[in-house]
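Residues per chain are reported as follows:
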Amino acid sequence: MFFSYPQGVIKKGREMAKSSIHIQRAVEGSVGHNSREHFSYSVVFTDDGEVNECTNSVDEAYKIYRDELQQRTQAYTERTGQKLQKSAVTQLSAILNLEKHHTLKDLEPIKKHLEKTFGTKVYQMAIHRDEGKLISKIDGTELYSGKDFYLNTENKKFYYDKQFTKEIDLKDYEIVKNYHAHIEMMGLDKDGNAIRQKMNKRVLKEMQTFVAKELKMERGKENISYSQDEMKQILALTGNKSDYDSNTLFAKRFNEVAK
């Protein structure tokens, strides 16, 4: 149903990111997270001159979403004579790997392709340049923002804990940015059909190829399997699924760590 896990992150002095797009059910609060109107522990690199980009605020995005939902729900009722089921997935999120130079302009062809291919409507796009990780210069240990280290917004220093009692000595670490984009879109087409029904293996494979070509990036692998040791390493960072409020939140975190 969904694309393979995103591959690679931009690393200063390390390998370039591989292209990948991953589509999942939208997580509650994703629009506010994208626009940075909602607080997020994963936001840490805020004082280096690199700024995020976002097409719409929360209010603007949800106005588009509500208008589209009303039209698409009405179309479904007129076509079927039934009300749209409460369980219908009406919001989807796409996460794309990027390189440092990419801007919202580079996402426009992908936005149009998504809308044409699935009959959806994109109501928000954002590029984030303030998340990532620290890699130890001593032993290669990786610390992920929002899980292993945090930013104290008052003194602009990094800490191992949310209480800001254990400061990190940055001279021992390499900063690794995770340049990526979020595209929020309707989960229903103009007739009120679930667009996930159109996401078969062939279509998703073509979408991966299209995204890589448009972004001029190396195409990521289509399918990824993890060894037992790799799964242990990933789960050591994400924690157990039972630690999360929903499977969707766990999947989102798993995808981020798996990169």
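Residues numbered from 1 in each chain as written. Predicted model: local features only at pLDDT ≥ 70, side-chain atom pairs only at ≥ 80, totals over all residues. Heavy atoms only, no water.

S.K.: Looking at this structure, how should I read the environment of Met125?
M.R.: Secondary-structure assignment places Met125 in strand β4 (residues 122–128). As a C-alpha pair, Met125 and Leu107 span 18 residues in sequence and 8.2 Å in three-dimensional space. Residues contacting Met125, with those up to four places away along its chain left out, are Glu53, Cys54, Thr55, Leu104, Leu107, Glu108, Lys111, His182 and Ile183. (Helix = DSSP H or I, 4+ residues; strand = E, 2+ residues; numbered from the N terminus. Contact = heavy atoms within 4.5 Å.)

S.K.: Could you clarify how one ought to interpret the pairing of strand β3 (residues 91–97) in this entry?
M.R.: Along any regular strand the residues' side chains alternate between the sheet's two faces. For β3, the tally of buried residues reaches seven of seven residues, placing the bulk of the element in the interior. Neither face of β3 is exposed, since Gln91, Ser93, Ile95 and Asn97 on one face and Leu92, Ala94 and Leu96 on the opposite face are all buried. When strand β1 (residues 21–25) meets β3, the two strands line up antiparallel, connected through five bridges. Counted as the bridge partner of Ile21 is Leu96 from β3. (Buried < 20%, exposed > 50% of the residue type's maximum accessible area, 1.4 Å probe, protein only. Pairing = 2+ DSSP bridges.)

S.K.: Would you mind going over the sheet that holds β4 with me for this structure?
M.R.: Each strand in a sheet pairs with its neighbour through backbone hydrogen bonds, running either in the same direction (parallel) or in the opposite one (antiparallel). Taken together, the five strands give an open sheet; going across it, the order is β1-β3-β10-β4-β2, and neighbouring strands pair in antiparallel fashion. The open sheet has two free edges, formed respectively by β1 and β2 (53–54), since each of these has just one partner strand. Where β3 and strand β10 (residues 180–186) come together, seven bridges link them in antiparallel fashion. If you follow Asn97 over to β10, its bridge partner there is His180.

S.K.: What's the story with the packing of aromatic side chains in this structure? I'm lost.
M.R.: Between two aromatic rings, the relevant description is the distance of the centres plus the angle of the planes. One pass over the full model with this rule turns up eight aromatic pairs. With 5.8 Å between their ring centres and 80° between their planes, Phe45 and Phe158 make a pair best called edge-to-face. Of the two residues, Phe45 is situated in the loop between α1 (30–35) and β2 and Phe158 in strand β8 (residues 157–159); the sequence distance between them amounts to 113 residues. Side by side, Phe45 and Phe158 carry an identical accessibility label, which is buried. Geometrically, the ring pair formed by Tyr62 and Tyr65 is edge-to-face, given 5.9 Å between the ring centres and 80° between the ring planes. Here the residue Tyr62 and the residue Tyr65 both occupy positions in helix α2 (residues 58–80), the gap between them amounting to three residues, near one helical turn. Tyr65 sits in the buried class, given a relative accessible area of 9%. These aromatic residues form a ring-pair network of at least three members: Phe39, Tyr41 and Tyr150. (Phe/Tyr/Trp six-rings, centres within 6.5 Å; stacked < 30°, edge-to-face > 60°.)

S.K.: I'm lost on the sheet that holds strand β9 (residues 173–177) in this one. Help?
M.R.: Ordered in space as β6-β5-β9, the three strands form an open sheet in which the pairing is antiparallel. Each end of this open sheet is capped by a strand with a single partner; those strands are β6 (142–144) and β9. Here the average twist between neighbouring strands, direction ignored, is 25°. In this structure, strand β5 (residues 132–136) lies alongside β9, joined through five bridges in antiparallel fashion. Paired with Ile135 across the two strands is Glu174, which belongs to β9. (Axes fitted to C-alpha atoms, helices over the stretch in contact; angles between N-to-C directions.)

S.K.: What exactly am I supposed to notice about the pattern of salt bridges here?
M.R.: Opposite charge on two side chains permits them to pair, given that their charged atoms come into close proximity. Under the defined criterion, the tally for this structure stands at 14 salt bridges. Lys177 is the partner of Asp48 in a salt bridge, and the nearest nitrogen-oxygen pair spans 2.8 Å. Taken together, the residues span a long stretch of sequence, with Asp48 in the loop between α1 and β2 and Lys177 in strand β9 at a distance of 129 residues. Note that Lys171 and Asp169 form a salt bridge whose closest N and O atoms lie 2.3 Å from each other. (Salt bridge = Lys/Arg side-chain N within 4 Å of Asp/Glu carboxyl O.)

S.K.: Even after reading the chapter, I still don't get the environment of Asp191, so can you show me in this structure?
M.R.: By secondary structure assignment, the location of Asp191 is in the loop between β10 and α4 (201–215). What makes Asp191 partly exposed here is its relative accessible area of 31%. Excluding its chain neighbours within four sequence positions, the residues that come into contact with Asp191 are Arg72, Ala75, Tyr76 and Arg79.

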